[in-house]
Amino acid sequence: MRIRIVDAFTDRPFAGNPAGVLLLDDVFPDDDWLQNVAMEVNHAETAFAHRLPGGGEADWALRWFTPVAEVAMCGHATLATAHVLRTTGAHEGPVRFATRSGVLIATPAADGSVTLDFPTAPLTRVEAPAGVAEALGAEPAAAFDTGPNVGDLLVELADEKTVLGLSPDHRALGAHSARGIIATARAEDPARGYDFVSRCFFPNVGIDEDAVTGSAHTALAPHWAARLGRDDLTGLQASPRSGLVRVGLRGARTLLTGHAVTVIEGELRA
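Each value, and the rule that gives it
Counting of residues starts from 1 at the beginning of each chain's written sequence and follows it residue by residue. Where totals are concerned, whole chains, interfaces and linings use all residues; where local detail is concerned, this predicted model gives features only for residues with pLDDT of at least 70, and gives and counts side-chain atom pairs only at 80 or more. Note: side-chain values were computed over all heavy atoms of the structure, leaving out hydrogens and water. Numbering of helices and strands runs from the N terminus, with a helix taken as a DSSP run of H or I at least four residues long and a strand as a DSSP run of E at least two residues long. Both definitions apply: the radius of gyration is a C-alpha atom measure, and the globule rule equals 2.2 Å times residues to the power 0.38. Throughout this description, buried means an accessible area under 20% of the type-specific maximum (1.4 Å probe, protein chains only), exposed means over 50%, and partly exposed covers the range between. Residues are treated as being in contact if the distance between any of their heavy atoms lies within 4.5 Å. Residues adjacent in sequence count toward polar contacts only when both atoms are side-chain atoms; beyond that, a polar contact is any pair of N or O atoms within 3.5 Å, and within protein one must be able to donate a hydrogen and the other to accept it. Given the number of residues in a helix, its expected span is that number minus one, multiplied by 1.5 Å. When the centres of two rings from Phe, Tyr and Trp lie within 6.5 Å, Trp using its six-membered ring, the rings pair. Their planes under 30 degrees apart give stacked, over 60 give edge-to-face, and anything left gives tilted. By definition here, charges over rings are those cases where NZ of Lys or CZ of Arg is within 6 Å of the ring centre and within 35 degrees of the ring normal. Nonpolar cores are built from buried Ala, Val, Leu, Ile, Met, Phe, Trp, Tyr and Cys residues. Side-chain atoms within 4.5 Å join them into one set. When DSSP locates at least two bridges between a pair of strands, those strands are taken to pair.

## Examining the overall build of the chain
Here is step 1 of the chain: Check the secondary structure of the chain and you find six helices and 18 strands.
Here is step 2 of the chain: Over its C-alpha atoms the chain spans a radius of gyration of 18 Å, differing by no more than 12% from the 18 Å that the globule rule assigns to 270 residues.
Here is step 3 of the chain: In terms of overall dimensions, the chain has C-alpha extents of about 50 × 35 × 30 Å along its principal axes.
Here is step 4 of the chain: Scored against the burial criterion, the 270 residues of the chain give a buried share of 56%.
Here is step 5 of the chain: Long-range pairs, those at least 24 residues apart, make up 63% of the contacts in the chain with a sequence separation of at least 6.

Next comes the structure, spelled out in structure tokens:
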């Protein structure tokens, strides 16, 4: 079968977040095989999708694996899968994915971008757990639980420079949430094209720092919409690869928009 590496939430190669994408002919193979392929690809996530019979609530079934675990929701690998379906002609127009997080819809636009319709993360303000500041290397101004689909602790820091300067103890961070930590701050200068900045550290699923995280923006969108008084915002995830995510808060749903680029296509022989 064909295997592709797609850079998501970017319009140029070697930026954004890379994901493996495999379109399967039939039902999912056993979990050990899926996990082994994801480990071999060794990117933050590898997406596996197969077509569903017509007439149902979804068009394709979709699962995501990191090199060490299956995850409940992944934005960049969903964007990458929708990009592959569109560019290969496997599916035209909006596509409905059946996933562990319910039906997720991806809608392509004429400019090549894709908009994902994801559930908004329910934010609950919590006390920053003891040890988070030391593990992160910065004192949180506020902390929030992001609910079961995202599974992160979201922490707001003092300013953009603090987020950019983080050098955390990844092993220590793993004790404080199911998946990891989202660190965020208001943009220092919105004229640069983004309203907030973030970095994401996910040691519990084998990813010390994720490049651009769609699922995290389902929590960042309601947080910054409340703080900034606007529902349509742009976030910069300031990893070494970096990427922009346009977000639109629509109550219980969050829209995530970005581009994607296929950089590798080959044959999986295993």
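There's more to say after this.
## Quick notes on the side chain of Ser101
Here is step 1 of the chain: Mapped onto the elements of the fold, Ser101 is located in the loop between β6 (95-99) and β7 (102-108).
Here is step 2 of the chain: Ser101 gets classed as buried once you look at its relative accessible area, which sits at 11%.
Here is step 3 of the chain: Of note is the side chain of Ser101, whose polar atom sits 2.6 Å from the backbone oxygen of Ala72.

## A few points about unusual backbone geometry
Here is step 1 of the chain: Within the chain, Phe9 stands out as a residue other than glycine whose phi angle is a positive 60°.
Here is step 2 of the chain: Positionally, Phe9 belongs in the loop between β1 (2-8) and β2 (17-24).
Here is step 3 of the chain: The exposure class assigned to Phe9 is buried, which follows from its relative accessible area of 3%.
Here is step 4 of the chain: In this model, Ser242 sits at a positive phi of 70°, which is unusual for a non-glycine residue.

## A short note on helix α2 (residues 75-88)
Here is step 1 of the chain: A rise of 1.5 Å per residue sets the reference length of α2, with its 14 residues, at 20 Å; its end C-alpha atoms lie 20 Å apart and thus fit the reference within 8%.
Here is step 2 of the chain: Most of α2 is tucked away, with 11 of its 14 residues classed as buried.
Here is step 3 of the chain: By the burial criterion, the buried members of α2 are Gly75, His76, Ala77, Thr78, Leu79, Ala80, Thr81, Ala82, His83, Val84 and Leu85.
Here is step 4 of the chain: Just downstream of α2 lies Gly89, where phi reads positive at about 80°.

## Quick word on the packing of aromatic side chains
Here is step 1 of the chain: Applying the stated criterion to the full structure yields three aromatic pairs.
Here is step 2 of the chain: Seen in terms of ring centroids, Phe196 and Trp224 are 6.1 Å apart; in terms of plane orientation they differ by 10°. Their pairing is stacked. One end of the pair, Phe196, is in strand β13 (residues 196-202); the other, Trp224, is in helix α6 (residues 217-228), and 28 residues separate them in sequence. As far as the burial class goes, Phe196 and Trp224 line up, both buried.
Here is step 3 of the chain: Members of the aromatic cluster, joined through ring pairs, are Trp33, Phe48 and Phe65.
Here is step 4 of the chain: Geometry around Phe28 places Arg63 over its ring, the cationic atom sitting 5.2 Å from the centre.
Here is step 5 of the chain: Above the ring of Phe202, the side-chain terminus of Arg179 is found at 4.0 Å from the ring centroid.

## Examining the nonpolar core
Burial of nonpolar side chains together is a common tendency in soluble globular proteins.
Here is step 1 of the chain: Formed by 51 residues in total, the largest nonpolar core has its most connected members in Trp64 and Phe97.
Here is step 2 of the chain: One finds Val132, Leu153, Val163 and Ile181 within the second-largest nonpolar core, a separate group that totals 20 residues.

## Section: the pairing of β1
Here is step 1 of the chain: Most of β1 sits out of view: six of its seven residues are buried.
Here is step 2 of the chain: Here β1 runs beside strand β18 (residues 260-267); their pairing, made up of seven bridges, is antiparallel. Paired with Ala8 across the strands is Ala260, a residue of β18.
Here is step 3 of the chain: Bridge count between β1 and β2: six bridges; the pairing is antiparallel.

## Some words on the pairing of strand β11 (residues 152-156)
Here is step 1 of the chain: Within β11, five of the five residues are buried, which leaves the element mostly enclosed by the surrounding structure.
Here is step 2 of the chain: The two faces of β11 match: Asp152, Leu154 and Glu156 on one face and Leu153 and Val155 on the other face are all buried.
Here is step 3 of the chain: In this structure, strand β10 (residues 142-145) lies alongside β11, joined through four bridges in antiparallel fashion. Its bridge partner lying in β11, Ala143 is registered against Val155.
Here is step 4 of the chain: The pairing of β11 with strand β12 (residues 180-186) spans five bridges and is parallel. Residue Leu154 lies in a different strand from β12, and its bridge partner there is Ile182.

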